[in-house]
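Here is how the chains run, residue by residue.
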Amino acid sequence: MMDVLCRNLIFNDAHHLIENMANENCPPNTIRSNTFINGLCCSGKVEWAMKVLDQMGKYGCSPNVTKYNELLDGLFNANRIQEALRIVGEIEEMEIELNLVTYNTILSGFCHAGMLKDALQLVGKMLVGGTKPDAITYNTVIYAYCEQGEVNTAVQLVDRLTEERGIQTYLHALVFWGVLQLDWSR
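Every chain is numbered on its own, with residues counted from 1 as its sequence reads. Since the coordinates come from a predicted model, pLDDT governs what is reported: local features require at least 70, and pairs of side-chain atoms require 80 or more to be given and counted, while whole-chain, interface and lining totals use all residues. Computation of side-chain values covers all heavy atoms of the structure but excludes hydrogens and water.

Caption draft 1: Fine view of the overall build of the chain. Helix and strand assignments follow DSSP, with helices taken as H or I runs no shorter than four residues and strands as E runs no shorter than two, numbered in order from the N terminus. Within the chain one finds eleven helices and zero strands. Per-residue burial for the chain yields a buried fraction of 41% across its 186 residues. Per-residue and other accessible areas follow the Shrake-Rupley method at a 1.4 Å probe size, with only the shown protein chains counted as cover for residues. Accessible surface for the chain amounts to roughly 10,600 Å². Of this, 50% is attributable to carbon and sulfur atoms. Buried residues are those whose accessible area, probed at 1.4 Å on protein chains only, stays under 20% of the maximum for their type, while exposed residues exceed 50% and partly exposed ones sit between those limits.

Caption draft 2: Helix α4 (residues 46-56), seen in detail. Taken residue by residue, α4 has Val46, Ala49, Met50, Val52, Leu53 and Met56 as its buried positions. For α4, the arc enclosing every buried residue in end-on projection is 160 degrees, short of the 170-degree limit, so these residues lie on one face. Among the exposed residues of α4, those oriented more than 90 degrees off its buried face are Lys51 and Asp54. Throughout, the arc means that of the directions going from the helix axis to the C-beta atoms.

Caption draft 3: Looking closely at unusual backbone geometry. A positive phi is found at Asn79, a non-glycine position, where the angle reads about 60 degrees. Take Asn79: it is sitting in the loop between α5 (65-77) and α6 (81-93). The backbone of Glu95 sits at a positive phi, close to 60 degrees, despite the residue not being glycine. The residue Glu95 is located in the loop between α6 and α7 (100-112) in this model.

Caption draft 4: Structural context of the confidence of the model for the chain. When pLDDT is averaged along the chain, the result is 78, and 80% of the positions lie at 70 or above. Looking at any residue, its pLDDT shows the predictor's confidence there, from 0 to 100. In the model of the chain, helix α11 (residues 171-181) stands out as the element of lowest mean pLDDT, 55, in contrast to α7, which has the highest, 94.

Caption draft 5: Main features of helix α9 (residues 135-147). Expected helix span is taken as 1.5 Å per residue step, with the number of steps being one fewer than the number of residues. In a regular helix each residue adds 1.5 Å, so 13 residues correspond to 18 Å; α9 covers 18 Å between its end C-alpha atoms and thus fits that length. Taken residue by residue, α9 has Thr137, Tyr138, Asn139, Thr140, Val141, Ile142, Ala144, Tyr145 and Cys146 as its buried positions.

Caption draft 6: Structural view of the packing of helix α3 (residues 30-42) against α5. Angles run from 0 to 180 degrees between N-to-C directions of axes, and those axes are lines fitted to C-alpha atoms, restricted for helices to the stretch in contact. At a minimum axis distance of 9 Å, the contact between α3 and α5 shows a crossing angle of 5 degrees. Taken together, α3 and α5 sit at an angle that is classed as roughly parallel. Here α3 contributes Thr30, Ser33, Asn34, Ile37, Asn38 and Cys41 to the contact with α5, which in turn contributes Thr66, Lys67, Glu70, Leu71 and Gly74. For the contact of α3 with α5, the residue count by class is three nonpolar, six polar and two charged. Angle categories: roughly parallel below 35 degrees, roughly antiparallel above 145, roughly perpendicular from 65 to 115, and oblique for all the rest. The contact rule is simple, with two residues in contact once any of their heavy atoms fall within 4.5 Å. When residue character is reported, Ala, Val, Leu, Ile, Met, Phe, Trp, Tyr, Cys and Pro are called nonpolar, Asp, Glu, Lys and Arg charged, and the others, Gly included, polar.

Caption draft 7: Up close: the pattern of salt bridges. Any Lys or Arg side-chain nitrogen located within 4 Å of an Asp or Glu carboxyl oxygen qualifies as a salt bridge. The full count for this structure, using the stated rule, is three salt bridges. One salt bridge connects Glu83 with Arg80, and the closest N-O pair in it is separated by 2.6 Å. Looking at Glu83, the relative accessible area reads 25%, which means it is partly exposed. Residue Arg80 is classed as partly exposed on the basis of its relative accessible area, which comes to 22%. Note that Glu90 and Arg86 form a salt bridge whose closest N and O atoms lie 2.5 Å from each other. Taken as a pair, Glu90 and Arg86 lie in helix α6 at a separation of four residues, close to a single helical turn. Judged by its relative accessible area of 41%, Arg86 is partly exposed.

Rendered as structure tokens:
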């Protein structure tokens, strides 16, 4: 029911459903709260999603990395970078282990905000912490380089990744896209 309400953007009814469940001694579980938070974030209702996250604790739904991934994605998509970074700090304080999805979400947020230096530092933190970057990680960084007109750097990264790691991605297509984006009139 929660999924149907959220997919149809009927968030008031979804919220009432959670309240009714709690009143009937059948509090919402982690899956239902994650679904609600995801639906809110995808609809740009990040403020409401943050309140729901806080509420879930009183229903016995302890915070987990999935809930935070949804919230981080929503905050970054709303260009609320500082709030997203505060949430990352909270996650780390609670000793909830960041997973690949979390790192890729933060990385994407940094890249879209033009924070390429921070994105590269994050990739370094992933490597030091033992989280192996995947094709999404590398594609995100290469896309950011291309978007900023740094196609040569993107090409060098593609070459290095192909040689060193055998990464199979859409890297060459991304670099081609970057070349097409260049202002050739300069």
